[in-house]
Amino acid sequence: MEPMPQISMLSYDVVVIGGGPAGMAAAVKAKELGLNVLLLDENDYLGGILPQCIHPGFGLHYFKEELTGPEFASRLAKRLVELGVEYRTAARVLEIKNYSDLEKVVIFTSPAGVYQVWTKAIIYAAGARERHAFEIGIVGDRVAGIYTAGEAQTLMDIYGILPGKEVVIVGSGDVGLIMARRFALEGAKVKAVIELMPYPGGLARNVMILRDFNIPLYLSHKVVEVRGRGRVQRVKVVRVDENLNETGEEFWIEADTLVISAGLIPSVKKLKKIGVEIDPATGGPVVNDRLETSVPGIFVAGNSLLINDLVDYVAEQGELAAESAKEFIEKGGIESRKWVKVRKGQNVRLIAPHYLSGDRDVYLYLRVARPMENVELRIPEIGKKLRLPVVKPAEMIRLKLRAEEIQKASEKLTVEVVRA
Amino acid sequence: MKTRVAIIGAGISGASIARVLSKYENLEVHLIEKAPDVGWGVSKANTALIHGGYDDDPEKYPMRAKLCIRGNRLWHQWVKELQIPHVWNGALIVATKEEDFDELEKLLERGHKNGVPEMRIIDRDELFHLEPGLTREAIGALWVPIVGQIGPIPAVIALVENAVANGVKTHLETEVRGIKVENGEVRGVETNNGFIEADIVINAAGLYADEVARMAGIDYFEIHPRKGEYYLFDDDVPGPGRVLFPTPTPISKGIVVTTEISGHLMIGPNAQDLPPEEKDNLATTEEGLREVWEGAKKLWPNLPPKSRVIRTFAGLRPEPTGGDFIIKAEEEVWGFINVAGIRSPGLTSAPAIAYEVAEIIQRDLGINLVEKEKWNPYRKEITHFFMLPPEKANELIKKNPAYGKIVCRCNHVSEGDILEAIERMKFIGVKTPSVDSVKFRTKSTTGTCQGSFCRPKIVQLLAKEYGVEPWEVTLKGKGSEIGIGDVKALLRGEEA
Amino acid sequence: MIYRFTCIVCPLGCSIEVEMENGEVLGVTGHTCPRGMEWAIEEVTNPRRVVMSVVPVEGGALPTVSVKTAEPVPKEKIPELMKFLAKLKLKAPVNVGQVVAEWEGIKIVATRGA
């Protein structure tokens, strides 16, 4: 082991990285289970992205009540404080080291100094980041007025800054549509929502925003270029064909603001560095049914695991990760007689967890590749069938499998979504 | 009485000149720049190379040939004195066909003529030992160990900080509108911020050097913009250890593949000539970027998917009539010195250009330059949290907790780094708070997320330190404000 | 007059049509459950929304607090409500759940403290 620099040392059973809904739910559960837990978050406040998600639609499952993002966050934070969970804000993890199964180090910095924390387990709940304009190949001028949806939301709903007055939104996912509403409510003109796919990307209740505020939606279109001096002045939109290739059909929209809502990517760079295996489909780690990654004792929950639609599932993952950390510490590892591999069948774009023990009931989280009606979700190996009237890529499917069902499989089970 | 010198343009040339002229006690040096900060013109977007000096034909381009190698040698010294981020990793000019060796031999010979040390031609085995990721079609290369890379804007900032510490006065957001000439001698510079008296005017105005020269009645050259576009990839995408060039053709030096100093694979540039009136056209284009991609793939076949691109950008090079640097005291207008057409290898040549200008002042203008007794050649680099070992970071945090708080999560830039950057902006006279000014000093907003998490926080810090409303903070100068007002501005029927 | 909707009551997303004449509902088609029908009729006759926004606050850790209406507001009244919110200025401390203002009998509730 390399000599440790002169920095303060701490010691815990479990360190939770990230104070959003997954991390807070994990820390609360870990504390309830009697673990010595430390939660770290890089922001000045707890809640992750929730405090800026000021719209309702949170907590119907978890709190059995419809809340806004900040309300959901404050309820979890209240529990955390009541239980006396130790947490630090403005604390950024610099490095994770994995010395052995029960000896891990988290190095973090904070206004109080740099600390090195010895811990037995880590719950990684650092959320996701947004895809930005360069990643989706937009060319032209690099000027003010181009924001990811999250940045626009931070400016508006945390700091009280109105980014612009004539807005084009790239992406009709929930975040894009919700930002369309925020801009429209505050008096800006939302000139268009541009969607690459031939169908809208958000939940139906959010697609209604377009009707409420008379916002045109262009399906099968993409923004390819931004022009402006100092600030965005116009954006070029091109229609795409069924293979998403650009057609010659194009037009310009005058706008001073371009909001990019082109999807989220799990923030897992620090995990990759220590060799955690990543699933290219989810962008998050490969995990077993305890949400343990390929590095024993490192668990993952929330949008770092896979991109969720509902905060309720994120919190549920956090709790499971905490239970798993407890099991890991008590038994010195997560053991199973066998691991059943979960395979993606027809029209399944991504799925997690990836390995099931059959020792416990699990929730599978999956997304389809394309929308379909009247389908059957099937797992042929165990004879499971489930009728679904409609499936959409925008809506994550959460499927409960009982331990007995999983035990029926020998090595693998295949999840497919096919016409009924 | 001191001789008053006005340098027009705070790019790499103007800043280097300012630094060198700050050595002399009988000069009063004014550095004039129309942008809100230094280094935002040609210096901002280029390949950031300190070239080897083998490329410029001394017959055709004597100034370039002379100053490039001299500049390279000086940079080895200057990066240390000024603590400028740099890497001396050498360049490989890669041959893929037998006839390429003829061209490499020519470059080798030219290099010898220009005085470039340590160059040699290497064979396939040695080449792949150095760069295993190269195209399998590579058969050898010219190896130029003295080539390196620096951060061009950090270099300009370092030079200006050092110049200001040594008494140079900056005038930012100051646009030159005219040159006052009387009886064949310069008298000063007319600007949007009033008249600046000067006995010597140095025209280092980059793309606009022809327009500034015309203000003094000098019109024998033109500058046209040549656009080059680039891709920058995420820092976990593997790139080469050295700077890779294809063997040049008569038309082009080719697309470079390199790992820039912050560890990002970078490819580019192409070359597209624009009409003279498009000196502000910095837009990237689908065609240009396609050319860069195809070109780079020939050298570096394992380019990652396009989704790993974190930025594309374009820069303009100032191409002068005749192709060579125009560095001379103009005889018709006493005191007017052109430093024009500083295209590639301008970044490399800058320190040598600065000494050349000092020599011109002595030799051609007959001003005997007297060295200061106390001139400070050193400048301390800004604190970069990400470069500190934990125990050093801890010491700093104990003195100032802001250094413990990370603002840019991708590059681990602390609030302390950013506050220090803002202090340094003020030190050299930056009046308009811009996120870009912080970015170029700290590397914040340049990582994987491109600032979507940290930009709002940087805006808050700039607003507080500059005493303005957060929506008045700009991305890159006036006209690029972060917002149009507070969140209720439109509902109240107002906007900024 | 026929109004068309994609129902949002459940993930099924039925396409519902409501036929109206002189403010009277003549018929509803396309729904597969009574909740969908009720929702569609309400959407035509009295569409209402919960409204959320932020208002400036002095002396808080952040410069704004987020707010929502305690109940759904008739859609056509939303612009007027937003104009009202634009005039609000709060002072810390503000607690989550605190009623910070009232507009035409509708409570404006803080959803984020300061």
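Look above for the structure.
Keep in mind that this is a model prediction, so the values were computed, not measured.

Chemist: Can you help me understand the overall build of chain B in this one?
Modeler: Looking only at helices and strands, chain B has twelve helices and 24 strands in total. Summarising its shape, the C-alpha atoms of chain B cover approximately 65 × 60 × 45 Å along the three principal directions. Expressed as a percentage of the 496 residues in chain B, the buried residues total 63%. Considering only contacts in chain B between residues 6 or more positions apart, those separated by 24 or more positions represent 72%.

Chemist: Before we go on, may I ask you to explain the interface of chain A and chain C in this structure?
Modeler: Where interface size is given, it is often the accessible area lost as the parts come together that is meant. Across the contact, 28 residues belong to chain A and 26 residues belong to chain C. Of the roughly 2100 Å² buried between chain A and chain C, counting both surfaces, carbon and sulfur atoms make up 65%. Taken as a group, Leu185(A), Met208(A) and Arg211(A) account for 24% of the area that chain A buries against chain C, more than any other trio of residues on that side. Our enumeration of links across chain A and chain C arrives at three salt bridges. Here Glu71(A) makes a salt bridge to Lys68(C), at a shortest N to O gap of 3.0 Å.

Chemist: Is there a simple way to explain the sheet that holds strand β4 (residues 86–87) of chain B in this structure?
Modeler: Backbone-to-backbone hydrogen bonds pair the strands of a sheet. The strands run either parallel or antiparallel. Across the sheet, which stays open at both edges, the three strands sit in the order β3-β8-β4 (chain B) with antiparallel pairing between neighbours. The open sheet terminates on both sides in strands that have one partner only, identified here as β3 (49–50) and β4 of chain B.

Chemist: Hey, could you run me through helix α5 (residues 152–165) of chain B in this one?
Modeler: Along an α-helix, a turn takes 3.6 residues, which lines up residues three or four apart on a common side. All names here are of chain B. Look at α5: 20 Å from first C-alpha to last across 14 residues, which is about the 20 Å you get at 1.5 Å a residue. Counting buried positions over the 14 residues of α5 gives twelve, a clear majority of the element. All of the buried residues in α5 are Pro152, Ile153, Ala155, Val156, Ile157, Ala158, Leu159, Val160, Glu161, Asn162, Ala163 and Val164. Backbone geometry just after α5 places Gly167 at a positive phi near 105°.

Chemist: Is there a simple way to think about the interface of chain B and chain A in this case?
Modeler: Listed by partner, the interface residues are 59 residues for chain B and 59 residues for chain A. Across the chain B to chain A interface the summed buried area is about 4600 Å²; carbon plus sulfur atoms make up 54%. For the pair chain B and chain A, the interface holds seven salt bridges. The salt bridge involving Asp235(B) is made with Lys269(A); its shortest N-O contact spans 2.6 Å. At the surface where chain B touches chain A, the tally comes to 24 residue pairs in polar contact (both at pLDDT 80 or more). For the side of chain B that touches chain A, the secondary structure elements donating two or more residues are α7 (286–299), β19 (309–320), α9 (390–399), α12 (455–466) and β24 (485–486) of chain B. Of all the elements, β19(B) adds the most residues to the side of chain B that touches chain A, at six residues. Taken together, the residues of the side of chain B that touches chain A sort by class into 25 nonpolar, 17 polar and 17 charged. Sheet topology places strand β12 (residues 161–162) of chain A next to β24(B); two bridges connect them, and they run antiparallel. From the neighbouring strand, Ile161(A) faces β24(B), where its bridge partner is Asp486(B).

Chemist: Looking at this structure, I do not really get the packing of helix α4 (residues 174–185) of chain A against helix α5 (residues 204–212) of chain A. What am I missing?
Modeler: Think of two packed helices as two axes; the pair is described by the angle between the axes and how far apart they sit. All names here are of chain A. Across the interface, α4 lies against α5 with an axial gap of 9 Å and an inter-helix angle of 35°. Seen from above, α4 lies across α5 with left-handed handedness. Each of Asp174, Leu177, Ile178 and Arg181 in α4 lies in contact with α5, whose residues at this interface are Asn206, Val207, Ile209 and Leu210. Considered class by class, the residues forming the contact of α4 with α5 number five nonpolar, one polar and two charged.

Chemist: Just to check I follow, could you spell out the packing of aromatic side chains for this structure?
Modeler: When we look at a pair of aromatic rings, we describe it by the centre distance and by the angle of the planes. Under the definition given, this model contains 18 aromatic pairs over all chains. Residues Tyr99(A) and Trp118(A) carry aromatic rings whose centres are separated by 5.5 Å and whose planes lie at 25° to one another, so their mutual orientation is stacked. Pair noted here: Tyr99(A) is in strand β6 (residues 92–100) and Trp118(A) is in strand β8 (residues 113–124), with a separation of 19 residues, a long-range link. Its end group placed over the ring of Tyr115(A), Arg88(A) keeps NZ or CZ at 4.6 Å from the ring centre. The residue whose ring lies beneath Arg19(B) is Trp78(B), and the NZ or CZ to ring-centre distance is 4.6 Å.

Chemist: Is there a simple way to think about the packing of helix α2 (residues 62–82) of chain B against α5(B) in this case?
Modeler: Residues and elements named next belong to chain B. Running from N to C, α2 and α5 cross one another at 65°; their axes reach a closest spacing of 10 Å. On the basis of the axis angle, α2 is roughly perpendicular to α5. Considering how the two elements wind past one another, α2 and α5 form a crossing that is left-handed. Contacts from Trp75, Trp78 and Leu82 in α2 reach Ala155, Ala158, Leu159 and Asn162 in α5. Considering only residue class, the contact of α2 with α5 consists of six nonpolar, one polar and no charged.

Chemist: Can you walk me through the pattern of salt bridges in this structure?
Modeler: Once the charged atoms of two side chains with opposite charge are near each other, the side chains can pair. Residue and element names in this part refer to chain A. Within this structure, the stated rule accounts for 77 salt bridges over all chains. For Glu186, the salt bridge is made with Arg182, and the minimal N-O distance between the two is 2.9 Å. What makes Glu186 buried here is its relative accessible area of 0%. Given a relative accessible area of 2%, Arg182 falls into the buried group. What emerges from the salt-bridge pattern is a single network uniting Asp141, Glu225, Arg227, Lys236 and Glu250.

About the thresholds
Residues numbered from 1 in each chain as written. Chains lettered and ligands numbered in written order. Predicted model: local features only at pLDDT ≥ 70, side-chain atom pairs only at ≥ 80, totals over all residues. Heavy atoms only, no water. Helix = DSSP H or I, 4+ residues; strand = E, 2+ residues; numbered from the N terminus. Buried < 20%, exposed > 50% of the residue type's maximum accessible area, 1.4 Å probe, protein only. Contact = heavy atoms within 4.5 Å. Buried area = accessible area lost by both parts, 1.4 Å probe. Salt bridge = Lys/Arg side-chain N within 4 Å of Asp/Glu carboxyl O. Pairing = 2+ DSSP bridges. Expected span 1.5 Å × (residues − 1). Polar contact = N/O pair within 3.5 Å; in protein donor to acceptor, adjacent residues only side chain to side chain. Nonpolar A, V, L, I, M, F, W, Y, C, P; charged D, E, K, R; others polar. Axes fitted to C-alpha atoms, helices over the stretch in contact; angles between N-to-C directions. Left-handed = near helix turned anticlockwise from the far one by under 90°. Phe/Tyr/Trp six-rings, centres within 6.5 Å; stacked < 30°, edge-to-face > 60°. Lys NZ or Arg CZ within 6 Å of the ring centre and 35° of its normal. Parallel < 35°, antiparallel > 145°, perpendicular 65-115°, else oblique.

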